[in-house]
Amino acid sequence: MPAEQREVLEKRFGARAGAVENSDGFEWFELLRPVEGTDQYLVYTRWRSEEDFQAWMEGPMKAAHQGGGAGGEGGERPKPAATGSTVWSFEVVQQAGPKQG
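Here we summarise the structure given alongside this text.

Basis of the calculations
Residues numbered from 1 in each chain as written. Predicted model: local features only at pLDDT ≥ 70, side-chain atom pairs only at ≥ 80, totals over all residues. Heavy atoms only, no water. Helix = DSSP H or I, 4+ residues; strand = E, 2+ residues; numbered from the N terminus. Buried < 20%, exposed > 50% of the residue type's maximum accessible area, 1.4 Å probe, protein only. Contact = heavy atoms within 4.5 Å. Core = buried A, V, L, I, M, F, W, Y, C linked by side-chain atoms within 4.5 Å. Salt bridge = Lys/Arg side-chain N within 4 Å of Asp/Glu carboxyl O. Phe/Tyr/Trp six-rings, centres within 6.5 Å; stacked < 30°, edge-to-face > 60°. Patch = residues over 30% accessible without salt bridge, like charges linked within 9 Å, V, L, I, M, F, W, Y side chains within 5 Å. Areas by Shrake-Rupley, 256 points an atom, 1.4 Å probe, with all protein chains shown as cover.

Notes on the overall build of the protein chain
Within the protein chain, the secondary structure is distributed over two helices and two strands. What you see in the protein chain, going N to C, is helices and strands ordered as α-β-β-α. A total of 101 residues make up the protein chain; the buried ones form 14% of that total. Long-range pairs, those at least 24 residues apart, make up 40% of the contacts in the protein chain between residues at least 6 apart in sequence.

Quick word on the nonpolar core
Listed in full, the six residues of the largest apolar core are Val20, Phe26, Trp47, Phe53, Trp56 and Met61. The biggest single contributor to this core is helix α2 (residues 50-68), with three residues. Residues in contact with Val20, not counting those within four places in the same chain, are Phe26, Trp47 and Trp56.

Here we look at the pattern of salt bridges
Applying the stated rule across the entire model yields five salt bridges. Linking Arg33 and Glu10 is a salt bridge whose minimum nitrogen-to-oxygen distance equals 2.7 Å. With a gap of 23 residues between them, Arg33 in the loop between β1 (26-32) and β2 (42-47) and Glu10 in helix α1 (residues 3-15) connect regions that are remote in the sequence. With relative accessibility at 25%, the residue Glu10 sits in the partly exposed group. Measuring nitrogen to oxygen at the nearest pair gives 3.1 Å for the salt bridge that ties Arg48 to Asp24.

Points about the packing of aromatic side chains
In this structure the tally under the stated criterion is five aromatic pairs. Ring centres 5.5 Å apart and planes at 75° place the aromatic pair Phe26 and Trp47 in the edge-to-face group. Separated by 21 residues along the polypeptide, Phe26 in strand β1 and Trp47 in strand β2 bring together distant segments of the chain. Residue Trp47 is classed as buried on the basis of its relative accessible area, which comes to 12%. In textbook terms, an aromatic cluster arises when at least three aromatic residues are bridged by ring pairs, as seen for Phe26, Trp47, Phe53 and Trp56.

Considering the side chain of Ser23
Position of Ser23 relative to the elements: it lies in the loop between α1 and β1. If near-sequence neighbours (up to four positions away) are discounted, Ser23 is found in contact with Trp47 and Trp56.

Considering a nonpolar patch on the surface
A contiguous nonpolar surface patch, about 700 Å² in accessible area, is contributed by Trp28, Leu32, Leu42, Tyr44, Trp88 and Phe90. Looking at where Trp88 falls in the secondary structure, it is placed in the segment after α2. By relative accessible area, Trp88 is classed as exposed at 59%.

None of the figures reported here should be taken as evidence of function without further support.
Below you can see the structure in the form of structure tokens.
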């Protein structure tokens, strides 16, 4: 991904603050910039349940990506900052946090 597209992508994610954070069942969000081995960004979200994630996908996320978001100049939608995406779902089988001192 060219550097200018990276900047646009990161700014758009920065401007979306609150778009997912207020959704029922939302627990965590991270936008991960590629450093080595790929040029693809990774968007990581964690949800309380699969049902909460699906409700967000079918509601607020779908609306935002079908024109529910802010338009660009002249009311036109801005060009995509990236093309293509893949959704992966995982189930936690082990987890650990830092030891409490």
